[in-house]
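A closer look at the structure
Single-letter residue listing:
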Amino acid sequence: MLKLSQQQLIELVKVGIWGTPLDTTLFRSSHVDWDEILSLCDQQTIVGIVSDAISLMPQPLRPPKSKYFQFIKKTSEIENENIRLYDAIPNLVSELEKDGIKPMVLKGQGVGLCYRNPYRRTSGDVDLFIGFDANRYFKAKETVERLGGKVGEKTKDYRRHAAYILNDVIVELHGDIQLTISKLFDNTFHSWMVKCFNNEEWVRKKAGDTHLYMPPYRFDAIFIFAHALNHYMTSGLGIRQICDWMCYLNKYHDKIDVALLQRDLEELGLTKFWKIFGSMAVLCFGMDKSKMPLFDEQFLNKGDRILRHIFITGNFGCLQRKKQQVSGNKVLKKLKTFYGQLFVYWDNLWLFPCETFYCFNYFVVKGIKDLKKGI
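This text gives an overview of the structure that appears in the document. (Residues numbered from 1 in each chain as written. Predicted model: local features only at pLDDT ≥ 70, side-chain atom pairs only at ≥ 80, totals over all residues. Heavy atoms only, no water.)

This next bit is on the pairing of strand E5 (residues 169-174). Where burial is concerned, most of E5 is hidden: five out of the six residues are buried. By the bridge criterion, four bridges tie strand E2 (residues 126-129) to E5 in an arrangement that is parallel. Of the residues in E5, the one forming a bridge with Val126 is Val171. Across six bridges, strand E4 (residues 161-166) lies against E5 in antiparallel orientation. By the bridge assignment for E5, Ala163 is matched with Glu172. Following E4, the chain reverses through two residues before pairing antiparallel with E5; Asn167 in that reversal takes a positive phi of roughly 55°. (Buried < 20%, exposed > 50% of the residue type's maximum accessible area, 1.4 Å probe, protein only. Helix = DSSP H or I, 4+ residues; strand = E, 2+ residues; numbered from the N terminus. Pairing = 2+ DSSP bridges.)

Attention now goes to unusual backbone geometry. Although it is not a glycine, Arg160 sits at a positive phi angle of roughly 50°. Mapped onto the elements, Arg160 comes out in the loop between strand E3 (150-151) and E4. You will see that Asp168, though not glycine, has its phi angle at about 65°, which is positive. The residue Asp168 is located in the loop between E4 and E5 in this model. Of the residues examined, Asp168 reaches a relative accessible area of 64% and is grouped as exposed.

With that settled, consider empty space enclosed by the protein. The full count for this structure, using the stated rule, is two cavities of 30 Å³ or more. Approximately 90 Å³ is the volume attributed to the largest cavity. Along the wall of the largest cavity there are 14 residues; nearest its centre are Gly110, Met214, Asp220, Tyr248 and Tyr252. Broken down by class, the residue content of the lining of the largest cavity amounts to 10 nonpolar, one polar and three charged. (1 Å grid on protein atoms, 1.4 Å probe; cavity = no way out; pocket = protein on both sides within 12 Å on 5 of 7 lines; lining within 4 Å. Points joined across faces, edges and corners; volume = space filled by probe spheres on them. Nonpolar A, V, L, I, M, F, W, Y, C, P; charged D, E, K, R; others polar.)

The final tally for this structure, using the stated rule, is 17 salt bridges. In this structure, the salt-bridge partner of Lys14 is Glu11, at a minimum N-O distance of 3.5 Å. Of this pair, Lys14 and Glu11 both sit in helix H1 (residues 4-18), three residues apart, which is roughly one turn of the helix. According to the relative accessible area criterion, Glu11 is buried, its value standing at 8%. Through salt bridges with shared partners, a single ionic network connects Asp52, Glu79, Arg116 and Arg120. (Salt bridge = Lys/Arg side-chain N within 4 Å of Asp/Glu carboxyl O.)

In this section: the sheet that holds E4. Read from one edge to the other, the open sheet built from five strands follows the order E1-E2-E5-E4-E3, with strand pairing classed as mixed. The sheet terminates laterally at strand E1 (104-106) and E3, the two strands that pair on one side only. The strands that helix H7 (residues 134-146) touches are E3, E4 and E5; relative to E4, the one it contacts most, it runs at about 15°. (Contact = heavy atoms within 4.5 Å. Axes fitted to C-alpha atoms, helices over the stretch in contact; angles between N-to-C directions.)

In this structure, the second largest pocket spans a volume of roughly 290 Å³. Surrounding the second largest pocket, 13 residues form its lining, Leu2, Gln7, Ile10, Cys284 and Leu307 being those nearest its centre. Here the lining of the second largest pocket gets five residues from one element, more than from any other, and that element is H1. When grouped by side-chain class, the residues that make up the lining of the second largest pocket number seven nonpolar, two polar and four charged.

As structure tokens, this is what we get:
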């Protein structure tokens, strides 16, 4: 059973995402702790979405002015950051195209365009997929560095992933995409990606004087979900990532071949995950079930468990990481992280036992390798 403040937050998310009328029951007859709700918004990176919902609430039910101004201030900062990123992307894409590289916008700002108000989605960095050709990936790095990009800590060329700070914008270049969910998924995802990019038409959108390219609908419907699932299985998942997936399916449901989607999910071993998360999207977050492919309400109880897990871990596992912070040598830090992550895997074990064992083994092996490397 969710806490009252969590139930209220979910209701506000539904209103903010879909623009539907507020169910006032939770707010008229019950205490509303707006400090707690704002804290939950920060943990789940959904302040802008909830701010939208508050603006649609009946005046007597809105938070006190002092608290409402806090929502407005944070939302204004989110909007300004989105404006900055949406301005920066076309310029960077144009420079890359001059060097013969046609990048594809992944996740983030691309998914933001699916929201009722794209500028209210909390932004992160700019993710660009360069393609699987290693030479093109390193050429893209040269272009960003020529433009003044400074290499960030997350750069790992051995898996073709580079992070830069360019004009105060974090830009990540991807020459490959790696996720960890299950043995079957890990063994089939790369070949499936290549098949999608080779056989499906890229999505083209106008942006100022240039055009942005985004992944094919077939790819993004699964990738946005799989990226969120990867975080759920290995660190922690936030409501914002669920909103990303729901908003994408809501906007492009008529572009998705459901029969092909079902075959792809089976090939990647994601069908049961999809149905559990899908039941949560419809029955907890109010998504129109006609726009959720393969909706199956029999998985609701498992969806409820995932929702509780989301509130415990926070977006990208921020609450877990906070518990794991410790000063001292690297071995102690790794042990603290290991202990803190045990909960994540233990909780997942009851829903996805085989996949959880696989991810836990990956986590342990990677931790040992990092220790040997002195990371």
